[in-house]
Amino acid sequence: MADSSVTLDHVSVAYGTNKALRDVSVRFPKGAVGLLGPNGAGKSTMLKALLGFVPPQAGRLEVLGLNVAERPLEVRSRLGYMPENDGHIPGMNAVTFVAYCGQLSGLPKTDAMQRAHEVLYYVGLGEARYRKVEEYSTGMKQRIKLAQALVHDPALLFLDEPTNGMDPKGRDEMLDLIRDLAHNKGVDLILSSHLLPDVEYTCDHVVVMDKGAVATSGAIDQLKGPTGRVFEVRVKGPTAPFVAALTAAGMECHETDEDVMRVYIPGAAGARGDDQRRICAEALRCGVQVRHLRNSLPSLEDVFARAVGES
Amino acid sequence: MSPIHDQSYRHYEGGRRPLGSAWSVIARTGIRLSLSRRWFLVLLAVSWIPFIASTIHIYVMTMYPQMNQILPVDAHRFMQFIEQQGIWVFFVSIFAGAGLIANDRRANALQIYLSKPLLRMEYIGGKFAILATFLSFVTLVPAVLLLLMQILIAGNLDFMRANPFIVPAVVLACVVRILIAAATMLALSSLSKSTRFVAILFAGTVFFTEAIYLVLVFVTGSTRVAWVSTGANLEIVTDFMFRQPPRYETPVIVSVLVLLGLLAVSLSVLERRVRGVEIVA
């Protein structure tokens, strides 16, 4: 498909008796796509199957229009993969390592070395490029993994948990790099993460995985739905019966880390103030005080929670 | 907001090598990295001392033919030279080979390698080429050079005419040793993340099989059981190649089959262990 970078068609992958992907069919559009899901949802397995590391028991995988099973080398020559775990070639400094990866990807030696210098500057390791990779900090190791994935100028990047272990400043810089690659440099990418803000900041589309299956997928803006139908609510009093009452009234209620509930009201909007009145009526019936009630922009967290059925 | 390092990323518009040649990149880089270790260069240099000694021996025997009765230059002498180099095959295999895959496994490098456009066999081939190059340097190259030295010192081809099998025997005996040592070491290297443990395993493979053989000889009183020893199998095959009287009662075909089996097991281990993901059942 010309408008999709990756296509999975009824793909199943199992490690022994443990099914990691269950009959997955999904298309990843071009651009930046987030691959979301809790730990063990099958995100990394999907990337590894696309790289040809794990053969599927059934189904067909296509990357950039190429069948992974039939043309794995051509697929990988156009891919860049940033693995989740630390990985480097022992005994090399950063620039030698990245140039070596460039050569392995088919670049001539001189070009690979030139590209290595360029991408190391791009990812912010220009000053540290002659240091041994073993001596790098966690954040620097994340950057060099991105550099080795970029050195051969791939058409599509697979980024597996790229901000793992990074400090807040480093994390912001890494997300800026990813966003820049996708939106300014024309590199399609799939960002696998369990961190919703990372995906929301860098990606336009999302595929949400849960228990080895696709829970939902689409453009983030569309999945979030219209604004004004999600409310932040904080109450004083027993919350459990209140949540139960809201749920019984057809609303979806998700608790957040900040003691604020997010209440999603499905269906068409009524008259102005109707939704707020319904919430207050349920609070009154349950004997709780509403201390805070305001419109909320639906976030990816809501989409995720709805998709994987968290409450 | 754009990142501050934006000035340097450009798309690549240059040429690319055809697919299927990544093994040579692995081999070249691995050889260069090994040669950057000074003590390894010393080991390679020391491994040529027997060559110098053998060259002096050939010179003396050619200049003073009457001494040929004591230490003759014949096919057996060349066979002995190749077998003497076995000690350097052992050390070079350990120092250059133990870490070839083990280090990559420890540093999670396999997922980096195999995410590039190269097949697992290319990765294994590249690593094999590194070790085979160094093993050739301590066996095949000095053995062939020694033959050339014999011709140069003698100033004629009489020795070659008298022993027409000598060139293929020298080449084959060396190639068999290189193949067995490199394949076994690579297989063992893929089994662990510790270079030291791999070195111990390799030494164990060599010495343990020899010890078992000696025990069996003591028990049975026969050398028919020589097939259990890797070293003895190599000697049996080498005797056959150099048309020397056999030192063991084990038939050559049995030793050939054992060595082929060892190669097959090594390849099978490599096929299972060299993967982009490690699946723990």
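Procedures and definitions
Residue numbers run consecutively from 1 along every chain, following the written order of its sequence. Each chain gets a letter, beginning with A, and each ligand a number, beginning with 1, in the order they are written. Restriction of local features to residues with pLDDT of at least 70 applies here, the model being predicted, together with a cutoff of 80 or more for giving and counting side-chain atom pairs; totals for whole chains, interfaces and linings are based on all residues. In this text, helices come from DSSP runs of H or I with a minimum length of four residues, and strands from runs of E with a minimum of two, each type numbered from the N-terminal end. Whether a residue is buried, exposed or partly exposed follows from its count of other C-beta atoms within 10 Å of its own C-beta, namely 20 or more, 12 or fewer, or something in between, respectively; the C-beta atoms are built from the backbone. It is the C-beta atoms, placed from the backbone, that decide contacts: two residues are in contact if theirs lie within 7 Å. Throughout this description, the term nonpolar core refers to a group of buried Ala, Val, Leu, Ile, Met, Phe, Trp, Tyr and Cys residues whose C-beta atoms join them within 7 Å. Any residue outside Ala, Val, Leu, Ile, Met, Phe, Trp, Tyr, Cys, Pro, Asp, Glu, Lys and Arg is labelled polar, Gly included; the first ten of those are nonpolar and the last four are charged. Strands pair, by our definition, only if DSSP identifies at least two bridges between them. The handedness of a crossover follows from its direction of travel: if, with the strands pointing away from the viewer, the path from the first strand over the helix to the second runs clockwise, the crossover is right-handed. To estimate the expected span of a helix, count its residues, drop one, and scale the result by 1.5 Å. In this context, the arc is that of the directions from the helix axis out to the C-beta atoms. Note on geometry: axes are C-alpha line fits, over the in-contact stretch for helices, and angles between N-to-C directions span 0 to 180 degrees.

Peer 1: Quick one: what's the story with the overall build of chain B, residue by residue and with numbers?
Peer 2: Scanning chain B from terminus to terminus reveals 14 helices and 0 strands. For chain B, the N- to C-terminal ordering of α and β elements is α-α-α-α-α-α-α-α-α-α-α-α-α-α. Along the three orthogonal principal directions, the C-alpha set of chain B runs to about 90 × 50 × 30 Å. Out of the 281 residues belonging to chain B, those deemed buried represent 38%. Taking the contacts inside chain B whose residues are at least 6 apart along the sequence as the reference set, 77% of them involve residues at least 24 apart.

Peer 1: Describe the nonpolar core, naming the residues involved and giving the relevant values.
Peer 2: Within the largest apolar cluster, 149 residues are counted, with the highest numbers of intra-cluster contacts made by A:Val98, A:Leu189, B:Leu131 and B:Leu186. Top contributing element to this core by residue count: helix H11 (residues 166-189) of chain B, with 15 residues. Those residues in contact with B:Leu131 that sit more than four places away from it in its chain are B:Ser93, B:Ala96, B:Gly97, B:Leu100, B:Ala182, B:Met185 and B:Leu186. Residues A:Phe231, A:Leu246, A:Val263 and A:Ile265 belong to the second largest nonpolar core, which totals 14 residues.

Peer 1: Before we move on, can you summarise the interface of chain B and chain A with the specific residues and values?
Peer 2: Listed as interface residues are 36 residues of chain B and, on the opposing side, 43 residues of chain A. When contributions to the side of chain B that touches chain A are tallied by element, the ones reaching two or more residues are helix H1 (22-35) and helix H7 (109-114) of chain B. Counting residues per element, the side of chain B that touches chain A draws most heavily on H7(B), at 5 residues. Classifying every residue of the side of chain B that touches chain A gives 18 nonpolar, 12 polar and 6 charged.

Peer 1: Tell me about the pairing of strand S8 (residues 188-193) of chain A, and name the residues and values.
Peer 2: All names here are of chain A. With 6 of its 6 residues buried, S8 lies for the most part within the structure. Every second residue of S8 is oriented toward a common face, with Asp188, Ile190 and Ser192 on one face and Leu189, Leu191 and Ser193 on the other, all of them buried. In this structure, strand S3 (residues 32-36) lies alongside S8, joined through 5 bridges in parallel fashion. Counterpart to Val33 in the pairing with S8 is Ile190. For the crossover that starts at strand S7 (residues 156-160), traverses helix H6 (residues 168-183) and ends in the parallel S8, the hand is right-handed.

Peer 1: Which residues make up the pairing of strand S6 (residues 79-82) of chain A, and what are the values?
Peer 2: Walk down a regular strand and you will see the side chains alternate between the two sheet faces. Residues and elements named next belong to chain A. Here S6 shows two buried faces, one formed by Leu79 and Tyr81 and the other by Gly80 and Met82. Relative to S7, S6 is paired through 4 bridges, and the arrangement is parallel. Paired with Tyr81 across the two strands is Phe158, which belongs to S7.

Peer 1: Account for unusual backbone geometry, naming residues and giving values.
Peer 2: Most peptide bonds are trans, and most residues other than glycine sit at a negative phi. Residue and element names in this part refer to chain A. The backbone phi angle of His10 is positive, close to 50°, even though this residue is not glycine. Within the fold, His10 resides in strand S1 (residues 4-15). A count of 12 C-beta atoms within 10 Å places His10 in the exposed class.

Peer 1: Describe in detail helix H10 (residues 274-286) of chain A, supporting the description with residues and values.
Peer 2: Note on helix geometry: an α-helix contains 3.6 residues per turn, so any two residues three or four positions apart are oriented the same way. Residue and element names in this part refer to chain A. Helix length check: H10 (13 residues) gives 19 Å between terminal C-alpha atoms against 18 Å at 1.5 Å per residue, within 8%. Looking at H10, one finds that the buried residues are Asp275, Ile279, Glu282 and Ala283. Down the axis, H10 shows its buried residues gathered within 100° of arc, on one side only. Exposed positions of H10 whose direction lies more than 90 degrees from the buried face are Asp274, Arg277, Ala281, Leu284 and Arg285. Just downstream of H10 lies Gly287, where phi reads positive at about 75°.

Peer 1: An account of helix H5 (residues 86-97) of chain B is needed here, citing residue identities and associated values.
Peer 2: What H5(B) keeps buried is the set B:Trp88, B:Val89, B:Val92, B:Ser93, B:Ile94, B:Ala96 and B:Gly97. Elements that come into contact with the buried residues of H5(B) comprise H1, helix H2 (38-46), helix H6 (99-106), helix H8 (120-138), H11 and helix H12 (195-220) of chain B.

Peer 1: Describe the environment of A:Ala281, and please don't skip the residues or the numbers.
Peer 2: Residue and element names in this part refer to chain A. Its place among the elements puts Ala281 in helix H10. Classification of Ala281 by C-beta neighbours within 10 Å gives exposed; the count is 12. Separated by 199 residues in the primary sequence, Ala281 and Met82 have C-alpha atoms spaced 51 Å apart.

Peer 1: Got a sec to walk through the sheet that holds strand S9 (residues 205-210) of chain A? Specific residues and values, please.
Peer 2: Two orientations exist for strands paired in a sheet by backbone hydrogen bonds: parallel and antiparallel. All names here are of chain A. Taking strand neighbours across the sheet as the criterion, the 6 strands line up as S6-S7-S8-S3-S9-S10 in an open arrangement whose pairing is mixed. Each edge of the sheet is formed by a strand with only one pairing partner; in this case those strands are S6 and strand S10 (213-219). The average angle at which neighbouring strand axes cross in this sheet is 15°, direction not considered. Running over the sheet, helix H5 (residues 138-150) touches S6 and S7 and is turned about 165° from S6.

Peer 1: I'd love a proper account of the sheet that holds strand S4 (residues 58-63) of chain A, names of residues and values included.
Peer 2: Residue and element names in this part refer to chain A. In space, the 4 strands of this open sheet follow the order S2-S1-S4-S5, with antiparallel pairing throughout. With one partner strand each, in any of the chains shown, strand S2 (18-29) and strand S5 (66-67) form the two edges of the open sheet. As judged from the 8 bridges shared by S1 and S2, these two strands associate in the antiparallel manner. Pairing of Ser4 across the sheet is with Pro29, part of S2.

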